[in-house]
Amino acid sequence: MTTPPVAPPASGVAGSRFAVVGNPENRRVSLFADAVRAAGLPGPRVVAWRDVLLEGGADFASDEIVRVDSPGENPEVDRLLRGATDPTRVEGSARWYARFTAALRTLRGGIRLDDPEDLAVLFDKRACHGVLDAAGVPVPASPTSGPDGAPVRGWDDVRALMREHRMPRLFVKPAHGSSASGVLAVEAGGGRIRATTSVELAPGGALYNSLRVRRYDSERDIAAIVDALAPDGLHLERWVPKASQHGRAADLRVVVVAGRATHAVVRTSRTPLTNLHLGGSRGDLAVARDAVGAAGSRWSDVLEVCERAASCFPRTLCVGVDLLPAIGWRRAFVGEVNAFGDLLPRLTGLPGSGAEGLDTYAAQVRAALREPAPPNELHPPRPAASGRAPRGPYRTGTSHA
């Protein structure tokens, strides 16, 4: 793919240089490198996650603009983080989280496009949900949210919380999971229960990620899955009945760069899991915009919800927001905020976003060159949970056309 050229900032780009921490063979790194070169700069210095983990970190020059990218899709890196020899296994996300957040603290120097504290919250669904809720961002109800959330030690706790909070339909999510790994959409009623998930329960009790979404109607099987996942930490959320498009459940992934919602894609599915790698497909964004308008709402308000969610992480240049439009397209809730939610190949920017004609990586390069963050050691403490997070160096405060 040819990355559209990036318009350089008025202040000039001479001397700017990028570095990226990632898996060198991964297309995320390649797409970002293409965007940097398209901006008229040398390709970024690539620091491999494998080397960071084996060598105890990495050092960056004071003028290097540093992007941290996903450590995923590399079996050796996965083994170093999770300690598992089989990358298709679901278990081990708590170990992955502990080692990943520790590794972030070993990246020294440079001008960071992210913040380790932001990333630590983004990769803990319970903490992230609590931060969003405290900032007034609409989120699904959750009994496990925030520091005072209820612990989930296994299926018995899930059942008890379902009764206590009157949640017959809910999502059970590994607290540190990603890409719908280990997620169960649970429905109870009429004396029956079922779960929809991509988890494959092996005869011996091991859990495997699968590209096939399946349903479990046996409470014994559902309990076995939840009990196996519980030691890694679980987050529960009320199931928000989603709006539909062409008879399929629909939600949106909205990428927010430097405080602006720049890119959006509709994801549709015949199952509760809309992830594109699990059989979901891209929907029609124009149809979604029209549906929002027909419901009496404004598209700009939909995007503003995503920008409010991103503003809770003011020291991170780019996040991907999963927005859950409720039936009828009148209301929307933030399901998750993803640190590495920008992999949307060939998608260009929204009209009025300032990223027209640019893919998600080119938009980030331009934003970084215009408005680099100060070094991490100068970052102020995270704001208190009460009240909204202040706008940081990546918050432009501009409005959509």
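Structure: above.
Draft legend 1. Expanded view of the packing of helix α7 (residues 155-164) against helix α8 (residues 219-229). Put simply, α7 and α8 touch, their axes get as near as 8 Å, and they point 110° apart. With respect to their mutual orientation, α7 and α8 come out roughly perpendicular. Residues W155, V158 and R159 of α7 form the contact with α8, whose participating residues are E219, I222, A223, V226 and D227. By residue class, the composition of the contact of α7 with α8 is five nonpolar, no polar and three charged.

Draft legend 2. Examining the pairing of strand β14 (residues 318-325) more closely. When you tally the buried positions in β14, you get eight out of eight residues, the bulk of the element. Residues C318, G320, D322 and L324 point to one face of β14 and V319, V321, L323 and P325 to the other, with burial holding for every one of them. Bridge count for strand β11 (residues 248-257) against β14 is six bridges, and the pairing is antiparallel. Bridge pairing in β14 links V254 to V321. Here β14 runs beside strand β15 (residues 332-338); their pairing, made up of six bridges, is antiparallel. Pairing of D322 across the sheet is with E336, part of β15. Taking the residues that link successive antiparallel strands as the turn, the β14-β15 hairpin has six residues, and the phi of G328 there is positive, at about 90°.

Draft legend 3. Molecular detail of the pattern of salt bridges. Here the structure, examined in full by the defined rule, presents 27 salt bridges. Here D63 ties to R17 by a salt bridge, and the two come within 2.8 Å at their closest N and O atoms. Separated by 46 residues along the polypeptide, D63 in strand β3 (residues 58-68) and R17 in strand β1 (residues 17-22) bring together distant segments of the chain. Since its relative accessible area comes to 36%, D63 is described here as partly exposed.

Draft legend 4. Structural view of the nonpolar core. Core analysis: the biggest nonpolar cluster contains 58 residues, and W49, L132, W329, V334 and V337 have the highest contact counts within it. Take this core: its biggest share by element is seven residues, from helix α10 (residues 299-310). What W329 contacts, discounting residues up to four positions off in sequence, is A243, S244, A250, L252, A288, A291, V292, A295 and S297. One finds V29, F32, L358 and V365 within the second-largest nonpolar core, a separate group that totals 27 residues.

Draft legend 5. Region of the structure containing the sheet that holds strand β2 (residues 45-48). With respect to topology, four strands assemble into an open sheet ordered β2-β1-β3-β4, the strand pairing being parallel. Two strands bound the open sheet, and with one partner strand each, they are β2 and β4 (107-112). Sheet twist, expressed as the mean angle between neighbouring strand axes with direction ignored, is 50°. The sheet contact formed by β1 and β3 spans five bridges and is parallel. Looking at the pairing, R17 lines up with E64 of β3.

Draft legend 6. Expanded view of unusual backbone geometry. In the Ramachandran plot, A180 falls in the positive-phi region, its phi being about 65° despite a non-glycine side chain. One can find A180 in the loop between β5 (169-174) and β6 (184-189). Overall, A180 belongs to the buried group, its relative accessible area being 11%.

Draft legend 7. A look at the sheet that holds β5. A sheet is described by the order of its strands in space; here five strands give the open sequence β8-β7-β6-β5-β9, paired in antiparallel fashion. With one partner strand each, in any of the chains shown, β8 (207-216) and β9 (234-238) form the two edges of the open sheet. Recorded for the sheet is a direction-independent mean angle of 25° between the axes of neighbouring strands. Here strand β7 (residues 192-201) runs beside β8; their pairing, made up of six bridges, is antiparallel. Its bridge partner being in β8, V199 is matched across the sheet by N209. Here α7 sits on the sheet and contacts β5, β6, β7 and β9; the angle it forms with β6, its principal contact strand, is near 55°. Along the sheet, α8 makes contact with β5, β6, β7, β8 and β9, crossing β7 at roughly 50°.

Draft legend 8. Quick peek at helix α1 (residues 27-38). Taking 1.5 Å per residue as the helical rise, α1 with its twelve residues ought to reach 16 Å, and the 16 Å between its terminal C-alpha atoms agrees with that figure. Those residues of α1 not exposed but buried are R28, V29, L31, F32, A33, A35 and V36. Looking at the packing, one finds that the buried side of α1 touches β1, β2, β3 and α11 (360-370). Among the residues of α1, the N-terminal cap falls to N26, whose side-chain oxygen and the backbone nitrogen of R28 are separated by 2.8 Å. Positioned one or two residues after α1, G40 has a phi angle of 85°, which is positive.

Draft legend 9. Seen up close, the packing of helix α3 (residues 75-82) against helix α4 (residues 93-104). Relative to each other, α3 and α4 sit at 95°, their axes nearing to 7 Å. Taken together, α3 and α4 sit at an angle that is classed as roughly perpendicular. Side by side, α3 and α4 meet where R79, L80, L81 and R82 of the first sit next to R95, W96, R99 and F100 of the second. In terms of residue class, the contact of α3 with α4 is made up of four nonpolar, no polar and four charged.

Draft legend 10. Fine view of the pairing of β6. Here four bridges tie β5 to β6, and the two strands are oriented antiparallel to one another. Looking at the pairing, F171 lines up with A185 of β6. Of the strand pairs in this sheet, β6 and β7 are connected by six bridges, and their pairing is antiparallel. Considered in β7, the bridge of L184 is made with T197. Hairpin connection of β6 to β7: two residues between the antiparallel strands, including G190 at a positive phi of 65°.

Reading the values: rules and limits
- Residues numbered from 1 in each chain as written.
- Predicted model: local features only at pLDDT ≥ 70, side-chain atom pairs only at ≥ 80, totals over all residues.
- Heavy atoms only, no water.
- Axes fitted to C-alpha atoms, helices over the stretch in contact; angles between N-to-C directions.
- Helix = DSSP H or I, 4+ residues; strand = E, 2+ residues; numbered from the N terminus.
- Parallel < 35°, antiparallel > 145°, perpendicular 65-115°, else oblique.
- Contact = heavy atoms within 4.5 Å.
- Nonpolar A, V, L, I, M, F, W, Y, C, P; charged D, E, K, R; others polar.
- Buried < 20%, exposed > 50% of the residue type's maximum accessible area, 1.4 Å probe, protein only.
- Pairing = 2+ DSSP bridges.
- Salt bridge = Lys/Arg side-chain N within 4 Å of Asp/Glu carboxyl O.
- Core = buried A, V, L, I, M, F, W, Y, C linked by side-chain atoms within 4.5 Å.
- Expected span 1.5 Å × (residues − 1).
- Polar contact = N/O pair within 3.5 Å; in protein donor to acceptor, adjacent residues only side chain to side chain.

Coordinates in, geometry out; function isn't part of it.
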